[in-house]
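# Structure at a glance
Each chain, written out:
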Amino acid sequence: MNESSRSAPVGVILAVDPDRFAEVGEALRRAGLTVTGEQPVVGTLSGTVAEERIPALEAIDGVESLDPERTVRLPPPDSPIQ
């Protein structure tokens, strides 16, 4: 695959088995995830990955779910939407 056909990195949030957090996290890194946040107690990781690598991440034993990262946008304080 040439460089121009690769997809841009996308943000993802993963829920993983908290009892295997370190093991699963290392497997995710090897599969292409660039980790930007970790919460071992609850078993979540956030990071970026090339979009075409998402199926490889989902296939790792211990990954319970993978979702695109979502940004919450709140209305400004003076907005009529409250």
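Keep in mind that what you see is a predicted model, and the values were worked out from it rather than measured. (Residues numbered from 1 in each chain as written. Predicted model: local features only at pLDDT ≥ 70, side-chain atom pairs only at ≥ 80, totals over all residues. Heavy atoms only, no water.)

### Focus on the pattern of salt bridges
This structure, assessed with the given rule, holds 4 salt bridges. With a shortest N-O distance of 3.3 Å, Asp61 and Arg20 are connected by a salt bridge. Of the two residues, Asp61 sits in the loop between helix H2 (54-58) and strand E4 (63-68) while Arg20 sits in the loop between strand E1 (9-16) and helix H1 (21-30), which places them 41 residues apart along the sequence. Given a relative accessible area of 57%, Asp61 falls into the exposed group. One connected set of salt bridges, linked through shared partners, spans Arg20, Glu23 and Asp61. (Salt bridge = Lys/Arg side-chain N within 4 Å of Asp/Glu carboxyl O. Helix = DSSP H or I, 4+ residues; strand = E, 2+ residues; numbered from the N terminus. Buried < 20%, exposed > 50% of the residue type's maximum accessible area, 1.4 Å probe, protein only.)

### Considerations on the environment of Arg53
Locating Arg53 in the fold gives a position in the loop between strand E3 (44-50) and H2. Note on Arg53: relative accessible area 35%, which makes it partly exposed. Between the alpha carbons of Arg53 and Leu33 there is a distance of 8.4 Å; along the sequence they are 20 residues apart. Only 3.0 Å separates the side chain of Arg53 from the backbone oxygen of Ala31, close enough to count as a polar contact. (Polar contact = N/O pair within 3.5 Å; in protein donor to acceptor, adjacent residues only side chain to side chain.)

### Some thoughts on the nonpolar core
In this structure, Leu14, Val16, Leu28, Leu57 and Ile60 are the most contacted members of the largest nonpolar core, which totals 16 residues. Among the elements of the structure, E1, H1, E3, H2 and E4 are those that each provide at least two residues to this core. Setting aside its immediate chain neighbours within four residues, Val16 contacts Phe21, Val24, Leu28, Gly43, Leu45, Gly62, Val63 and Glu64. (Core = buried A, V, L, I, M, F, W, Y, C linked by side-chain atoms within 4.5 Å. Contact = heavy atoms within 4.5 Å.)

### Points about the confidence of the model for the protein
Taken residue by residue, the protein gives an average pLDDT of 83. The fraction at 70 or more is 74%. When mean pLDDT is taken per element in the protein, H1 scores highest with 97 and E4 scores lowest with 91. Across residues 1-5, where pLDDT falls below 50, the model places 2 contacts with residues more than four positions away in sequence or in other chains. (pLDDT = per-residue confidence, 0-100.)

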